[in-house]
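What follows is the residue order along each chain.
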Amino acid sequence: MSKLILLIFILLLSINSATLAFPNEPTSFRGLSWGASIEELKEKYPNSYEIKDDRVNTLIKEFDGTTLISYGTYLENDSISNIPIVAPTKYIFWNNQLESVYINISGDSVAMSSYNEKKMLDALEDLYGECSSKFLDKISDEPFTHMYFWEGPVCKIMFWSNYHEKGKYDSNVFLWLSSQKISSERLAQAQKTRRSQAKQGW
């Protein structure tokens, strides 16, 4: 995934529309509530491990100055809504609080990724109703970029896919679930820090 796409993704993560709502908002993922600690994750998943030099976390720190810590968990034959998860599920923490979860369901070809996208979109609509907003267009040189959003006062769900025209693994399909409360607290702290730095010398 290109740096431009990642930056747009990070920008979208920083926008909260908590006045909206959707049914059955997730207050947890697989038994871990938003705000759970790293210790709680390790207790539930003893084989979890810290992901060093996470690309998204690095860009977020460049973007808003906050530090996130990611842990990966891998379960054999793992799936969500009967769609295979092809990489370790990523749990992202801020200030030792579970803020978000990243789930990769990319296929091993563009055709399989497209199939997974349709199947997951159907599952999300069955679980949470019609999405709050969506974007289906090209971004720069990245064709076939699709974004779907479910936003409420508790949780934001982003379902994202982007494809190249041909080539194995030239596609990305993933889910990103995040806590509106913890994300808002992190962004408010980042804004406070930026304002304090901006006042220097005045």
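Residues numbered from 1 in each chain as written. Predicted model: local features only at pLDDT ≥ 70, side-chain atom pairs only at ≥ 80, totals over all residues. Heavy atoms only, no water.

Draft legend 1. Expanded view of the overall build of the protein chain. Helix and strand content of the protein chain: 5 helices and 12 strands. Across the 202 residues of the protein chain, 47% fall into the buried class. Sequence separation of 24 or more characterises 60% of the internal contacts of the protein chain that already satisfy a separation of 6 or more. Of the roughly 10800 Å² of accessible surface on the protein chain, a fraction of 51% belongs to carbon and sulfur atoms. (Helix = DSSP H or I, 4+ residues; strand = E, 2+ residues; numbered from the N terminus. Buried < 20%, exposed > 50% of the residue type's maximum accessible area, 1.4 Å probe, protein only. Contact = heavy atoms within 4.5 Å. Areas by Shrake-Rupley, 256 points an atom, 1.4 Å probe, with all protein chains shown as cover.)

Draft legend 2. The pattern of salt bridges, seen in detail. Scanning the entire structure with this criterion turns up 6 salt bridges. Lys 181 is the partner of Glu 185 in a salt bridge, and the nearest nitrogen-oxygen pair spans 2.7 Å. Pair noted here: Glu 185 and Lys 181 are both in helix α5 (residues 180-198), with a separation of 4 residues, about one helical turn. Using a relative accessible area of 31% as the deciding quantity, one classes Glu 185 as partly exposed. For Lys 181, a relative accessible area of 55% translates into the label exposed. (Salt bridge = Lys/Arg side-chain N within 4 Å of Asp/Glu carboxyl O.)

Draft legend 3. Region of interest: the pairing of strand β8 (residues 97-104). By the criterion of burial, β8 is predominantly enclosed, with 8 of the 8 residues buried. Of the pairings in the sheet, the one linking strand β7 (residues 89-94) to β8 comprises 5 bridges and is antiparallel in character. Residue Ile 92 lies in a different strand from β8, and its bridge partner there is Ser 100. What sits between β7 and β8 in their antiparallel hairpin is a turn of 2 residues, with Asn 95 showing a positive phi close to 55°. In this sheet, strand β12 (residues 171-179) lies alongside β8 in antiparallel orientation, the contact comprising 5 bridges. (Pairing = 2+ DSSP bridges.)

Draft legend 4. Region of the structure containing the environment of Glu 99. Locating Glu 99 in the fold gives a position in strand β8. Counting along the chain gives 87 residues from Glu 99 to Arg 186, while the straight-line C-alpha distance between them is 9.3 Å. Reaching out from Glu 99, the side chain makes a polar contact with the side chain of Arg 186 at a distance of 2.9 Å. (Polar contact = N/O pair within 3.5 Å; in protein donor to acceptor, adjacent residues only side chain to side chain.)

Draft legend 5. Expanded view of the pairing of β7. Counting buried residues along β7, 6 of its 6 residues qualify, which places the element largely inside the surrounding structure. Side-chain alternation along β7 places Thr 89, Tyr 91 and Phe 93 on one buried face and Lys 90, Ile 92 and Trp 94 on a second face that is also buried. Note: strand β4 (residues 69-73) against β7, 5 bridges, orientation antiparallel. The residue of β7 that forms the bridge with Gly 72 is Lys 90.

Draft legend 6. The arrangement of the packing of aromatic side chains in detail. Taken as a whole and assessed by the stated rule, the structure comprises 7 aromatic pairs. Ring centres of Phe 29 and Tyr 91 lie 6.2 Å apart, and the angle between their planes is 55°; this geometry places the pair in the tilted category. Placement of the pair is Phe 29 in strand β1 (residues 28-29) and Tyr 91 in strand β7, with a sequence separation of 62 residues. We note that Phe 29, like Tyr 91, is buried. (Phe/Tyr/Trp six-rings, centres within 6.5 Å; stacked < 30°, edge-to-face > 60°.)

Draft legend 7. Seen up close, the side chain of Ser 106. One can find Ser 106 in the loop between β8 and α4 (110-128). By relative accessible area, which is 10% here, Ser 106 ends up buried. Within polar-contact distance, the side chain of Ser 106 engages the side chain of Asn 104 at 2.8 Å. A polar contact is formed between the side chain of Ser 106 and the backbone nitrogen of Val 173, at a distance of 2.8 Å.

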